Amino acid sequence: MHVKKPKVFLSWRFPDPGPQLVMEHCETQVWEGQAPIERTQFLSVLADVDGVLVSNATEQLDREAIDAAPRLRCISNFGVGYDNVDVPYATSRRIAVCNTPGVLTETTADHAFALLLAAARRIPEGIIHVKEDRWRGWNPWLLVGREVNGATLGIVGLGAIGTAVARRARGFGMSVLYWSRAPKPHEESETGAVYSSLQFLLQSSDFVCITVALTPETRGLIGAREFALMKPAAILVNVARGPIVDRSALYDALHDGTISGAALDVTDPEPLRGTDLLLTLPNLLIVPHTGSATDRTRSRMSELAARNLTAALCGERPLHIVNPEVLQN
Ligand code: NAP
């Protein structure tokens, strides 16, 4: 008997091997554009599919999108964050929401540390200084930055990535404070990180690294009040999600010298336009959401997202599902 394959949509030509794996099990439509699919076009594609493999950075699966997809049974995110999905609404429709934790943890922690070091040691300014032919020899005041070894790092959200950042900090001889919703004894003994209130962490840290998920509770978690608690010499690093930090409070804190610098992989909104006021700040370093962007990690994310999608559509348990309650009969 001929069994009809599920119909799916891939919102990018994701790296190998994901697309090939999906094509083995599903009738597959791939968005081949160099830019994200337009929202109206995305909504019309959704009318006719059983599953989607999307980027959590470019496709919003909110109530409107889910309502546009009467047959949808699986949203497979290419990424670990799932703030792009209305999970309670998807769950009410018995749609499986899947993500790719683990495979990008170390890579994103590397990126956080790269940003921390770049901001502390003023690497981007140094590169521009040389390229613009302003280098007139050594002098004792040239591009003096902040000491990393021996400094205190505060980690906001000791999840998988936060813990991997803490391990790296230990290798750099840093003291580590962390704030999470509850103490984490196992991670403490592995990394030497010390549990703290958010207030004490902000007051005591030379570097503050945001690795918490974006949720209704963490949106705007770092605002004017929190910047005022931080040391004037402190540097903020954000590799989680832009809206966790209030953007106008961030601008003021950097502009007025409430803190000394920031390094962001994620912004609010994304992408930032070239005319954005944040880009006028000399003490702000921004890269375009490339936390997991290495060849090996992107390939592992692709494979995991594809396996999650095909499992959910073929009646098997996905490797990583955010709302496992939809699997119950
Ligand atoms: P994870 O292991 O699930 O950790 C999630 C963290 O968020 C935990 O610390 C958790 O708190 C916290 N959290 C979740 N819900 C919360 C709430 N309602 N209130 C307060 N805290 C809450 O995830 P992960 O793999 O470490 O990833 C963390 C985040 O990094 C992702 O959600 C994603 O947004 C971001 N990310 C960014 C990139 C990038 O390219 N820049 C790459 C990967 C991930 P507890 O510690 O209290 O459990």
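Criteria and cut-off values
Residues numbered from 1 in each chain as written. Predicted model: local features only at pLDDT ≥ 70, side-chain atom pairs only at ≥ 80, totals over all residues. Heavy atoms only, no water. Disulfide = S-S within 2.5 Å. Buried < 20%, exposed > 50% of the residue type's maximum accessible area, 1.4 Å probe, protein only. Near = heavy atom within 4 Å. Polar contact = N/O pair within 3.5 Å; in protein donor to acceptor, adjacent residues only side chain to side chain. Areas by Shrake-Rupley, 256 points an atom, 1.4 Å probe, with all protein chains shown as cover. Nonpolar A, V, L, I, M, F, W, Y, C, P; charged D, E, K, R; others polar. Domains from an automatic or database assignment. Buried area = accessible area lost by both parts, 1.4 Å probe. Salt bridge = Lys/Arg side-chain N within 4 Å of Asp/Glu carboxyl O. Core = buried A, V, L, I, M, F, W, Y, C linked by side-chain atoms within 4.5 Å. Helix = DSSP H or I, 4+ residues; strand = E, 2+ residues; numbered from the N terminus. Contact = heavy atoms within 4.5 Å.

Asks: Would you mind showing me how to read the state of the cysteines here?
Replies: Applying the stated criterion across every chain yields a total of zero disulfides. Distance from the sulfur of cysteine 74, which forms no disulfide, to the nearest cysteine sulfur (cysteine 98) is 4.0 Å. Cysteine 26 provides the cysteine sulfur closest to cysteine 314, a residue in no disulfide bond, and the two sulfurs are 5.9 Å apart. Cysteine 314 gets classed as partly exposed once you look at its relative accessible area, which sits at 40%.

Asks: Hey, could you run me through the site of the ligand in this one?
Replies: Near the ligand you find 26 residues, and of these Ser180, Lys184, Ala213, Glu217 and Asp265 are the closest. One of the backbone N or O atoms of arginine 181 is found 2.8 Å from an oxygen atom in the ligand. Between the ligand and glycine 291, the relevant distance is 3.4 Å, taken from an oxygen atom to a main-chain nitrogen or oxygen of the residue. Protein chains bury 83% of the 920 Å² of accessible surface belonging to the ligand in isolation. When the residues that make up the shell around the ligand are grouped by side-chain class, the tally is 10 nonpolar, 11 polar and five charged.

Asks: I would appreciate a short explanation of the domain arrangement of the chain in the present structure.
Replies: For the chain, the assigned domains read domain 1 (7–103 + 295–327) and domain 2 (105–286). Domain 1 and domain 2 are separated by 31 Å when their C-alpha centres are compared. For the pair domain 1 and domain 2, the summed buried surface comes to about 460 Å²; carbon and sulfur atoms form 34% of the total. When the buried surface of domain 1 facing domain 2 is broken down by residue, Asp83, Gly102 and Thr297 rank first, second and third, together holding 69% of it. The tally of links from domain 1 across to domain 2 stands at one salt bridge. Measuring nitrogen to oxygen at the nearest pair gives 3.0 Å for the salt bridge that ties arginine 241 to aspartate 83. Here domain 1 is connected to domain 2 by three residue pairs in polar contact (both at pLDDT 80 or more). Residue composition of the side of domain 1 that touches domain 2, grouped by class: one nonpolar, four polar and one charged.

Asks: Quick question: what am I supposed to make of the nonpolar core here?
Replies: Nonpolar side chains in soluble globular proteins tend to end up buried together. Residues Leu53, Leu153, Val165 and Phe207 are the most contacted members of the largest nonpolar core, which totals 52 residues. Among the elements that make up this core, the one with the highest residue count is helix α5 (residues 105–120) (eight residues). Shared between two domains, this core takes at least three residues from each, and those domains are domain 1 (7–103 + 295–327) and domain 2 (105–286). Apart from residues no more than four positions distant in its own chain, leucine 153 is found in contact with Leu116, Val165, Ala169, Met174, Ser175, Val176, Leu177, Ser205, Phe207 and Cys209. Within the second largest apolar cluster, 31 residues are counted, among which are Ile210, Val212, Leu221 and Ala234.

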